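Understanding the architecture of this molecule
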Amino acid sequence: MHTNIVRIVLGFSLIAAQSQILAQSRKPDQLSLTQPEASHFASLALKCVRKEYPNKLDHVNNDAADVRSPREMHGSFYGCFDWHSSVHGHWMLVHLLRLFPALPEAREIRAALNANLAARNISGEVAYLGQANRASFERTYGWAWLLKLAEELHGWNDEDGRRWSQNLQPLADALAEKYLSFLPKQTYPIRTGVHPNTAFGLAFALDFARAFGNQKLAALIVERSRTYYANDRNYPAAWEPGGEDFFSPALIEADLMRRVMSKAEFAVWFRRFLPGTTRGEPKALLQPAIVTDRTDPKLVHLDGLNLSRAWCMRSIASALPQTDRARRVLTRSALAHAKVTLPHVASGNYEGEHWLASFAVYLLTTPEP
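Residues numbered from 1 in each chain as written. Predicted model: local features only at pLDDT ≥ 70, side-chain atom pairs only at ≥ 80, totals over all residues. Heavy atoms only, no water.

1. Here we look at the pattern of salt bridges
- By the definition in use, this model includes 20 salt bridges.
- One salt bridge connects R294 with D303, and the closest N-O pair in it is separated by 2.6 Å. Taken as a pair, R294 and D303 share a single burial class, namely buried. (Salt bridge = Lys/Arg side-chain N within 4 Å of Asp/Glu carboxyl O. Buried < 20%, exposed > 50% of the residue type's maximum accessible area, 1.4 Å probe, protein only.)

Following this line, the structure appears as structure tokens:
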């Protein structure tokens, strides 16, 4: 027992040391992904995309025969604790492989993607969606990340990448159809800071639709986005964050609308939406959230909140005029959020490690404002 305790302590010490080294490898005001960080984050995803348990299923049992293991139901996305985290873990591996083809983990990444994105496994995922009582399965957070994975594979000049893209296409098409069916029926947006958030689901789906030239889906998303959000003003962002948020409802909405509107229209809309930003208000939105327990699966969501806030702030700032004072405020706040949280992406606790790296990579590969 004493030996096991020593090993655990040494393991946590190594994780802390690695995080410090990675943090020190970046300039104080720099938010961009380095190859050592890419390797580190890839190792976290590789640990979980083939790790079936523990597992939190989003599953309705239609009968006794429906009581099955995660891998039996989801041949592709059975790992990383839940379906959506597995999906964005796969997105991250593809993204890192594209950015850093010579990663030390490249061969292992390709082996994992070859296994999990095999055509027969994707076919099983499509079949699952078509079963009874699956209408709201992963709606729309998991849907959005699957479309982001499809977008990442699209147009990649890589033999494996082309095969994985072709394999994945039926599942992406099925989820695009789900958006087309569901959105006309959704009268009101969901403004939560967790998975069902409507603005996040629309933002990634719009990226996908534009990348694939799906004009029908893109037009519907633009119409829905304007219907839901175009008239918002004086958003009560001082009420944020919620205790288990990993999205800022305010910032994720603005990150959607900068995709939907022209830069001139967006600048006017944003000043109405969050008028206090130029004064550094509200502080609750612009100061990093405090995480008190990274072993708690809900409280560690706030690490994800800091990362997603940072990527939203950077993207929103990039869409604002150079002379807009909010641009500078958002850029500084994004850096503060990132600096507080990036050292804790690898905490040694699976509660955060199974998903936070994807958020970190997405942040670190958004353009500098």
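2. A closer look at the state of the cysteines
- Under the definition given, this model contains one disulfide.
- Residue pairing for C48: its cysteine sulfur links by disulfide to C80, the two sulfurs lying 2.0 Å apart. Judged by the sign of its S-S torsion, about 70 degrees, the cystine formed by C48 and C80 is right-handed. A residue pair is termed long-range when its members are at least 10 positions apart, and C48 in helix α2 (residues 35-48) and C80 in the loop between α3 (70-73) and α4 (83-99) qualify at 32 residues. Pair check on accessibility: C48 and C80 agree, each one buried. (Disulfide = S-S within 2.5 Å. Helix = DSSP H or I, 4+ residues; strand = E, 2+ residues; numbered from the N terminus.)

3. Quick notes on the nonpolar core
- Membership of the largest hydrophobic core comes to 117 residues, with the highest contact counts inside it found for F41, F77, L146, F266 and F270.
- Residues within four places of F270 in sequence aside, it is in contact with A254, P275, T277, I316, L320, A326 and L330. (Core = buried A, V, L, I, M, F, W, Y, C linked by side-chain atoms within 4.5 Å. Contact = heavy atoms within 4.5 Å.)

4. So, the packing of aromatic side chains
- Enumeration over the complete set of coordinates arrives at 31 aromatic pairs.
- Relative to Y362, the ring of W91 lies with its centre 5.8 Å away and its plane at 55 degrees, an arrangement referred to as tilted. With W91 in helix α4 and Y362 in helix α17 (residues 356-364), this residue pair connects regions lying 271 residues apart in the sequence. Grouping residues by exposure puts W91 and Y362 together as buried.
- Ring centres of W143 and F182 lie 6.4 Å apart, and the angle between their planes is 85 degrees; on these two criteria the pair is classed as edge-to-face. (Phe/Tyr/Trp six-rings, centres within 6.5 Å; stacked < 30°, edge-to-face > 60°.)

5. Description of the environment of S308
- For S308, the position within the fold is in helix α14 (residues 301-319).
- Remark: the alpha-carbon pair of S308 and A218, spanning 90 residues in sequence, is separated by 23 Å.
- Each residue touching S308, except ones within four places of it in the same chain, is listed here: F246, F247, S248 and F359.
- Among the polar contacts listed, one links the side chain of S308 to the backbone oxygen of L305, at a separation of 3.3 Å. (Polar contact = N/O pair within 3.5 Å; in protein donor to acceptor, adjacent residues only side chain to side chain.)

6. Notes on the packing of helix α11 (residues 249-260) against helix α12 (residues 263-273)
- Packing of α11 against α12 brings their axes to within 10 Å, and their N-to-C directions diverge by 165 degrees. Considering their axes alone, α11 and α12 lie roughly antiparallel with respect to each other. Relative to α12, α11 is oriented so that their crossing is right-handed. Seen from α11, the contacting residues are A250, E253, A254, M257 and R258; seen from α12, they are F266, W269, F270 and F273. (Axes fitted to C-alpha atoms, helices over the stretch in contact; angles between N-to-C directions. Parallel < 35°, antiparallel > 145°, perpendicular 65-115°, else oblique. Left-handed = near helix turned anticlockwise from the far one by under 90°.)

7. Quick word on the packing of α14 against α17
- For the pair α14 and α17, interaxial distance at closest approach is 9 Å and the crossing angle is 20 degrees. By the angle between their directions, the pair α14 and α17 is classed as roughly parallel. For the pair α14 and α17, the crossing hand works out as left-handed. From α14, D303, G304, L307, S308, A310, W311 and R314 reach across to α17, where they touch L356, F359, A360, Y362 and L363.
- Considered class by class, the residues forming the contact of α14 with α17 number eight nonpolar, two polar and two charged. (Nonpolar A, V, L, I, M, F, W, Y, C, P; charged D, E, K, R; others polar.)

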